[in-house]
Amino acid sequence: MLEQATLEALRDAFWPVYVVAITVAAVAALTQVKWSLGRVTLALIAGSLAQTYWEGAGYLQWWQHMAIDVPVFIAITMPPRRYWQSAIGGLVFAQLVLHATWAMAPELARAHWLGCILLGFAKCAVLLLWSGGGRVERVLGGA
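Reading the values: the criteria
Residues numbered from 1 in each chain as written. Predicted model: local features only at pLDDT ≥ 70, side-chain atom pairs only at ≥ 80, totals over all residues. Heavy atoms only, no water. Helix = DSSP H or I, 4+ residues; strand = E, 2+ residues; numbered from the N terminus. Buried < 20%, exposed > 50% of the residue type's maximum accessible area, 1.4 Å probe, protein only. Contact = heavy atoms within 4.5 Å. Core = buried A, V, L, I, M, F, W, Y, C linked by side-chain atoms within 4.5 Å. Phe/Tyr/Trp six-rings, centres within 6.5 Å; stacked < 30°, edge-to-face > 60°. Patch = residues over 30% accessible without salt bridge, like charges linked within 9 Å, V, L, I, M, F, W, Y side chains within 5 Å. Areas by Shrake-Rupley, 256 points an atom, 1.4 Å probe, with all protein chains shown as cover. Salt bridge = Lys/Arg side-chain N within 4 Å of Asp/Glu carboxyl O.

> Teacher, can you tell me more about the environment of I68 here?
Mapping I68 onto the fold places it in helix α3 (residues 62–77). Exposure remark for I68: the relative accessible area of 9% places this residue in the buried category. Along the backbone, I68 and A26 are 42 residues apart, and their C-alpha atoms lie at a distance of 21 Å. Not counting residues within four places of it along the chain, the set of residues in contact with I68 comprises G47, A50, Q51, W54 and L60.

Here it is as structure tokens:
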């Protein structure tokens, strides 16, 4: 497992990337009139704000992460409209699985932390690809 300093460095590198991805997604949702992207972006922002608020008292417990991520998951996946939305929903579901694993095996707290950071980077990638719109779809589709 990675050292504590490495995990903290990953976390510190993640937040600027996340802010850029959220900003790009919000701008794309507004300029390209992508309401599904807008809803997903708002849900992720709300979850991040809740986590930041609760972390003021220290590190969160597994149940606090679940209390934040379950409503985010519901807001993202209901109703399903796009495959990009499904990809973000799948990543949030993977986070929920990590929270549940941590609840059952508290000694895996550091692995949970690393997994959530890596899933966060994956969410950023999906948001940025989704924000690229038709150009990204043409490249991925080979057209």
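Resuming the write-up.
> Help me out: how do you make sense of the environment of A29 in this one?
Summarising the element assignment, A29 is placed in helix α1 (residues 4–31). Spatially, the C-alpha atoms of A29 and P80 are 16 Å apart, while their sequence positions differ by 51 residues.

> Help me out: how do you make sense of the nonpolar core in this one?
General note: in soluble globular proteins, nonpolar side chains tend to be found buried as a group. With 27 residues, the main nonpolar core has Y18, L37, V40, L44, I76, I88 and L127 as its most contacted residues. Elements with a minimum of two residues in this core: α1, α2 (35–54), α3, α4 (83–104) and α5 (109–131). Residues within four places of I76 in sequence aside, it is in contact with R39, V40, A43, L44, Q85, I88, G89 and V92.

> Teacher, can you tell me more about the packing of aromatic side chains here?
Any pair of aromatic rings gets described here by the distance separating the centres and the angle formed by the planes. Under the defined criterion, the tally for this structure stands at six aromatic pairs. With 5.4 Å between their ring centres and 85 degrees between their planes, F14 and F121 make a pair best called edge-to-face. Placement of F14 in helix α1 and of F121 in helix α5 is noted, with a sequence separation of 107 residues between them. Among the aromatic residues, those joined into a ring-pair cluster are F14, W15, Y18 and F121.

> Help me understand a nonpolar patch on the surface in this model?
A cluster of nonpolar side chains, contributed by V20, V24 and L128, occupies part of the molecular surface with about 220 Å² of accessible area. Note on L128: relative accessible area 38%, which makes it partly exposed.

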